[in-house]
Amino acid sequence: MATSNGSSTGTKITALVVDDDRVINAIHCKRLNKLGIENHVAANGKEAVDLHCSGKKFDLILMDRDMPIMNGIEATRELRAMGVRSIIVGVSTRSIKQEIQEFMDSGLDDYQEKPLTSSK
């Protein structure tokens, strides 16, 4: 990623993958790595919130909707209430318009069906 002064060095883009499915985590982390994005994993929304409470910051958050302990809707609302301005992309297998809208309304910037592909 080039910085504004045109050099290829600089701050690396960071992402947090929040999903309770290890296979999906591996797929998404591999895709992010191919793009040169440093990534971290949280197994549920509470872990994502706790990471931010401990001072971690991410440029991008890939948020699953359905997880134990704290789901993606609750976690996204909590992160936004904490002032987190990261780009949050909801990633789910849900395709019903109303369910997608409910997820979007929690504070998402975008929504994609999983698993993510290179084109997405």
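The rules behind each value
- Residues numbered from 1 in each chain as written.
- Predicted model: local features only at pLDDT ≥ 70, side-chain atom pairs only at ≥ 80, totals over all residues.
- Heavy atoms only, no water.
- Pairing = 2+ DSSP bridges.
- Helix = DSSP H or I, 4+ residues; strand = E, 2+ residues; numbered from the N terminus.
- Salt bridge = Lys/Arg side-chain N within 4 Å of Asp/Glu carboxyl O.
- UniProt positions renumbered as here; feature names shortened; annotations may be inferred.
- Buried < 20%, exposed > 50% of the residue type's maximum accessible area, 1.4 Å probe, protein only.
- Right-handed = clockwise from strand over helix to strand, strands pointing away.
- Arc of directions from axis to C-beta.
- Contact = heavy atoms within 4.5 Å.
- Polar contact = N/O pair within 3.5 Å; in protein donor to acceptor, adjacent residues only side chain to side chain.

## Side note on the pairing of strand β5 (residues 110-113)
Here comes step 1: Pairing between strand β4 (residues 87-92) and β5: four bridges, direction parallel. Note that in β5 the partner of Ser92 across the bridge is Glu113.

## Examining the pattern of salt bridges
Here comes step 1: Under the counting rule described, the total for this entry stands at eight salt bridges.
Here comes step 2: Put simply, Arg94 and Asp66 hold a salt bridge, and the shortest N to O gap is 2.9 Å. With a gap of 28 residues between them, Arg94 in the loop between β4 and α4 (97-105) and Asp66 in the loop between β3 (60-64) and α3 (72-81) connect regions that are remote in the sequence.
Here comes step 3: Shared partners join several salt bridges into a network, and the residues in it are Arg65, Asp66, Arg94, Glu99 and Glu102.

## Things to note about the UniProt feature "domain: Response regulatory" (unreviewed entry) in the chain
Here comes step 1: The feature "domain: Response regulatory" (unreviewed entry), as given by UniProt, occupies residues 14-120 in the numbering adopted here.
Here comes step 2: With 38% helix and 23% strand, residues 14-120 has end C-alpha atoms that lie 18 Å from one another.

## Here we look at the pairing of β4
Here is the key point about a regular strand: its side chains alternate between the two faces of the sheet.
Here comes step 1: Most of β4 is tucked away: five of the six residues are buried.
Here comes step 2: Of the pairings in the sheet, the one linking β3 to β4 comprises five bridges and is parallel in character. From the neighbouring strand, Asp64 faces β4, where its bridge partner is Val91.
Here comes step 3: The β-α-β motif built from β3, the intervening α3 and the parallel element β4 has right-handed crossover chirality.
Here comes step 4: One crossover worth recording links β4 to the parallel β5 by way of α4, and it is right-handed.

## Some points on helix α2 (residues 45-53)
In an α-helix there are 3.6 residues to a turn, and that puts residues three or four apart on one side.
Here comes step 1: When we look at burial in α2, the residues that qualify are Gly45, Ala48, Val49 and His52. One side of α2 holds all its buried residues, which, seen down the axis, span an arc of 95°.
Here comes step 2: Contacts made by the buried residues of α2 are with β1 (14-18), β2 (38-42), β3 and α3.
Here comes step 3: If you check the start of α2, you find a side-chain oxygen 2.9 Å away from the backbone N of Lys46, and it comes from Asn44.

## Focus on the UniProt feature "modified residue: 4-aspartylphosphate" (unreviewed entry) in the chain
Here comes step 1: The sites that carry the UniProt feature "modified residue: 4-aspartylphosphate" (unreviewed entry) are, in the present numbering, Asp64.
Here comes step 2: Excluding residues within four positions of it along the chain, Asp64 makes contact with Val18, Asp19, Asp20, Gly72, Val91, Ser92, Phe103 and Lys114.

## Describing α3
Here comes step 1: Among all positions of α3, only Gly72, Ile73, Ala75, Thr76, Leu79 and Arg80 are buried. Projected down its long axis, α3 shows its buried positions confined to an angular sector of 165°, all on one face.
Here comes step 2: Along its buried surface, α3 packs onto α2, β3, β4 and α4.
Here comes step 3: Its side-chain oxygen placed 3.0 Å from the backbone nitrogen of Ile73, Asn71 serves as the N-cap of α3.
Here comes step 4: The first or second residue beyond α3 is Gly83, which carries a positive phi of 90°.

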